[in-house]
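# Results of the structural survey
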Amino acid sequence: MAKNKNTPNKKSKVDKQTQQQVTKETIEEKPIYKIDGSILEGGGQILRNTVALSSLFDKAILIEKIRYNRDQPGLKNQHKTGIDLMAKLFKAHITGSSVGSTRLYYQPTLRSIKDDGVIEADTKTAGSVCLIIQVALPCLIFAPHSVKMVLGGGTNCDFAPAADYMENVFLPIATSMGFQCDMKIDKKGFYPKGGGAVTITTQPLTEPLKPITIVNKGNVNRIVIQAFYTSRISPVVAERMVNTSRKLIKKDFKKVEIETEIIDMSKYSFGDGTYIFIRAFTDTGCVYGSTGNGAIRVPAETIAEDATNSLLKDLQDGGCVDEYLQDQLIIFMALAKGKSIIKTGPISLHTQTSIHYTSLMTGATFKISPVAERLPGEETFYIECDGIGYHPSNDIDINPTQQITNNNNQNNNNNNNNSNTEITTTTTTTTTTANTTTTTVQ
Ligand SMILES: Nc1ncnc2c1ncn2[C@@H]1O[C@H](COP(=O)(O)OP(=O)(O)OP(=O)(O)O)[C@@H](O)[C@H]1O
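Here the structure is a predicted model, which means the values were calculated and not measured.

### With respect to the overall build of the protein
Helix and strand counts for the protein stand at nine helices and 21 strands. Buried positions account for 50% of the 442 residues belonging to the protein. Pairs at least 24 apart in sequence give 75% of the contacts found in the protein among residues at least 6 apart.

### A few points about the confidence of the model for the protein
Any region with low pLDDT has predicted coordinates that should not be read closely. Here the protein averages 86 in pLDDT, while 83% of its residues score no lower than 70. In this model residues 6-27 is a low-confidence stretch, pLDDT under 50, and it forms 41 contacts with partners more than four residues away in sequence or in other chains. Taken as a whole, residues 400-440 scores under 50 in pLDDT and shows 78 contacts with residues more than four places along the chain or in a different chain. Across the interfaces of the predicted complex, the ipTM metric reaches 0.97, alongside a pTM of 0.87.

### Some points on the site of the ligand
By nearness alone, 18 residues border the ligand, and Gly 43, Gly 44, Gln 45, Pro 161 and Tyr 324 come closest of all. When residues of the shell around the ligand are traced back to their parent elements, those giving at least two are α2 (44-57) and α8 (323-335). For the shell around the ligand, the element with the highest residue contribution is α8, accounting for three residues. Partitioning the shell around the ligand into residue classes produces six nonpolar, seven polar and five charged. Residues from two domains meet in the shell around the ligand; each of domain 1 (1-110) and domain 3 (320-430) gives at least three.

### Remarks on the sheet that holds strand β6 (residues 147-153)
The strands making up a sheet are joined through hydrogen bonds of the backbone, oriented either antiparallel or parallel. Pairing within the open sheet is mixed, and its five strands lie in the order β5-β6-β8-β7-β12. With one partner strand each, in any of the chains shown, β5 (119-122) and β12 (269-270) form the two edges of the open sheet. As defined by bridge partners, β5 adjoins β6 across four bridges and the pair is classed as parallel. Residue pairing in the sheet places Glu 120 in a bridge with Val 150 of β6. Set on the sheet, helix α4 (residues 129-140) makes contact with β5, β6, β7 (180-189) and β8 (196-203); between it and β6 the angle comes to about 160°.

### As for the UniProt feature "domain: RNA 3'-terminal phosphate cyclase insert" (unreviewed entry) in the protein
UniProt records the feature "domain: RNA 3'-terminal phosphate cyclase insert" (unreviewed entry) for residues 216-315 in the present numbering. Its end C-alpha atoms 13 Å apart, residues 216-315 is made of 34% helix and 35% strand.

### Some points on unusual backbone geometry
With an omega of 5°, the peptide bond running from Tyr 191 to Pro 192 counts as cis. Mapped onto the secondary structure, Pro 192 falls in the loop between β7 and β8. A positive phi angle, close to 55°, is found at Lys 124, a residue other than glycine. For Lys 124, the location among the structural elements is in the loop between β5 and α4. The phi dihedral of Phe 159 falls on the positive side, at around 60°, and the residue is not glycine. Within the fold, Phe 159 resides in the loop between β6 and α5 (163-174). Residue class for Phe 159 comes out exposed when judged on the 11 C-beta atoms lying within 10 Å of it.

### Describing the UniProt feature "domain: RNA 3'-terminal phosphate cyclase" (unreviewed entry) in the protein
The positions UniProt marks with the feature "domain: RNA 3'-terminal phosphate cyclase" (unreviewed entry) are residues 40-368. The distance from the first to the last C-alpha atom of residues 40-368 is 16 Å, and the span holds 35% helix and 28% strand.

### Considering the nonpolar core
Side chains of nonpolar character tend, in soluble globular proteins, to be buried together. If you look at the biggest cluster of nonpolar residues, it comprises 112 residues, and the most contacted ones within it are Met 86, Ile 132, Ile 133, Ala 136, Ile 276, Leu 329 and Phe 332. The leading source of residues in this core is α4, at ten residues. The residues contacting Ile 276, other than those within four sequence positions of it, are Ile 225, Ala 227, Met 241, Ser 245, Thr 291, Gly 292, Ile 303, Ala 304 and Ala 307.

### A word on α4
At 3.6 residues per turn, the α-helix brings residues three or four places apart onto the same side. Look at α4: 15 Å from first C-alpha to last across twelve residues, which is about the 16 Å you get at 1.5 Å a residue. Taking burial as the measure, the twelve residues of α4 include twelve buried ones, the bulk of the element. Turning to α4, its buried residues number three or more, namely Val 129, Cys 130, Leu 131, Ile 132, Ile 133, Gln 134, Val 135, Ala 136, Leu 137, Pro 138, Cys 139 and Leu 140.

### Digging into the environment of Leu 325
Within the secondary structure layout, Leu 325 lies in helix α8. Under the C-beta neighbour-count criterion, Leu 325 is labelled buried, with 25 such atoms within 10 Å. Sequence separation between Leu 325 and Thr 351 is 26 residues; the distance between their C-alpha atoms is 9.2 Å. Leu 325 has contacts with Val 169, Phe 170 and Ile 173, leaving out every residue within four places of it along the chain.

### What about the packing of helix α3 (residues 77-89) against α4?
The interhelical angle for the contact between α3 and α4, taken along N-to-C directions, is 25°, at an axis separation of 8 Å. By the criterion of interaxial angle, the relationship of α3 to α4 is roughly parallel. By crossing handedness, the relation of α3 to α4 is classed as right-handed. Here Gln 78, Thr 81, Gly 82, Leu 85, Met 86 and Leu 89 of α3 come into contact with α4, specifically with Leu 131, Ile 132, Val 135, Ala 136 and Cys 139. Of the residues contributing to the contact of α3 with α4, the split by class is eight nonpolar, three polar and no charged.

### Side note on the pairing of strand β1 (residues 32-36)
Burial within β1 is extensive, with four of its five residues counted as buried. Sheet analysis places β1 next to strand β2 (residues 60-64), joined by five bridges and oriented parallel. In the strand pairing of β2, Ile 35 is matched with Ile 63. Handedness of the β-α-β unit built from β1, α2 and β2 comes out right-handed.

### Description of the sheet that holds strand β14 (residues 287-293)
Judged by pairing direction, the sheet is mixed, and its four strands sit side by side in the order β11-β10-β13-β14 without closing on themselves. At either margin of the open sheet sits one strand with a lone partner, and together these are β11 (258-264) and β14. Sheet twist, expressed as the mean angle between neighbouring strand axes with direction ignored, is 15°. Pairing of strand β13 (residues 274-282) with β14, which is carried by seven bridges, proceeds in the antiparallel orientation. When the sheet's bridge partners are listed, Ile 278 is paired in β14 with Ser 290.

Definitions and cut-offs
- Residue numbers here run from 1 along each chain, matching the order of that chain's written sequence.
- In keeping with the predicted nature of the model, local features appear solely for residues at pLDDT of at least 70, side-chain atom pairs appear and are counted solely at 80 or more, and the whole-chain, interface and lining totals rest on all residues.
- To qualify as a helix, a DSSP run of H or I must reach at least 4 residues; to qualify as a strand, a run of E must reach at least 2; elements of each kind are numbered from the N terminus.
- Note on burial: count the other C-beta atoms lying within 10 Å of the residue's C-beta; 20 or more is buried, 12 or fewer is exposed, in between is partly exposed, and C-beta positions come from the backbone.
- Any pair of residues counts as being in contact when their C-beta atoms, constructed from backbone geometry, are within 7 Å of one another.
- pLDDT: the predictor's confidence for each residue, scored from 0 to 100.
- In this entry, near means the residue's backbone-placed C-beta atom lies within 6 Å of the molecule or strand.
- Gly is placed with the polar residues, together with every amino acid not listed as nonpolar (Ala, Val, Leu, Ile, Met, Phe, Trp, Tyr, Cys and Pro) or charged (Asp, Glu, Lys and Arg).
- For the purposes of this description, domain bounds are those given by an automatic or database domain assignment.
- Being paired, for any two strands, means DSSP has found at least two bridges between them.
- Note on method: axes are straight lines fitted to C-alpha atoms, helices fitted across the in-contact stretch only, with angles between N-to-C directions ranging 0 to 180 degrees.
- UniProt positions are given in the numbering used here, feature names are shortened, and annotations may be inferred rather than shown by experiment.
- Joined through C-beta atoms within 7 Å, a set of buried Ala, Val, Leu, Ile, Met, Phe, Trp, Tyr and Cys residues constitutes a nonpolar core.
- What a helix should span is 1.5 Å times the count of its residues minus one.
- Each angle receives one of four descriptions, namely roughly parallel if under 35 degrees, roughly antiparallel if over 145, roughly perpendicular if within 65 to 115, and oblique otherwise.
- Should the near helix be turned counterclockwise from the far one by less than a right angle, the crossing is left-handed, whereas a clockwise turn marks it as right-handed.
- The path from the first strand over the helix to the second decides the hand: if it runs clockwise while the strands point away from the viewer, the crossover is right-handed.

The structure is reproduced here in structure tokens:
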């Protein structure tokens, strides 16, 4: 069930414990990009984006106020697992990576990862494996060799892509930019136990990513509703989810074929769980996805309704990607060579945040503009990006000078009012002390 996780934070207790953790000996004579992790969405995505880019561009970063917009700021187990994995891959010096830390120093020492065999990481909780993939994937695809990564943790978590979503919605669209990534869900893992397992295998890219253009929504011509359950949960729960979802969808899409499936996943699950996964396909190749996880004392109908309404809203808004794919494509658009353009629904705060940090750290420019010709009920925007054409062999250095500002949304959590989003060029603050240059990215 979707909950609001953006309760603004007041004063963090953990911060006192961690503020001393970036010590002098860890800060070498190297420029440091100083990141304020509290602005816009102020969540874990800032950490993942900036750590991935820091690794690709071999830049040291100091992230402060990590997840300050969350009820419990600082690193959670899932974030720590991702950071530790990246530190291992890039032999990075890190300080402040303990759970609860709100201040992290990360300095990679390798420009590219070495072939050390299968990479493993495990959140050892229900922490999302997909969010580990989110931090690592932009780097794995630029490795000079094929990479196999085996991850443990939660495959179906609230506020994170479900593994099914990543495999069936995110990857088919993202890989059209030219990279290869095979994903296999070996075992599903749910809140609170976790215990899921996912294997991904990437192939090396010999050239930069291709830009992406997704601007033609077309017509919905297929909808698939799947509900999953394990043996200690009655299949009736899954049936109720499917029936609720189908009924709601039928109201808007009377003539579209709706495929339904009820799946006993006991044999490949750790512990018990149930969830719904809905996809809509259009005749121009757009794919939209939505998931809802079963929860104690929440009726199956409510879970299905929330997931279905989220998908229907994405379709009604008129964009070519769903709310989540929007922010997940941003980093790839920035790294690609040339102009990408996607047509979206309302710009999410996650998207604004990713654009903000990605453009600052890569120098890629983004432009958001409302679509002039909209059908009734639609709320659509174009996100355009002039990507930098990153490839390790290009030796592109980064000189961040662009900043996205949003007159209404700096540090607030209203992700629907985007009409004032604009791109301005700002001067990045650079302070030089005896041995250290600090670039403040905020
Ligand atoms: N239902 C969903 N389906 C697909 N992707 C999702 C879904 N919910 C969230 N996401 C994606 O998961 C990511 C969550 O980023 P966010 O910063 O909120 O992460 P986080 O690490 O969980 O940190 P925090 O707990 O601080 O929010 C975003 O990329 C978002 O698009």
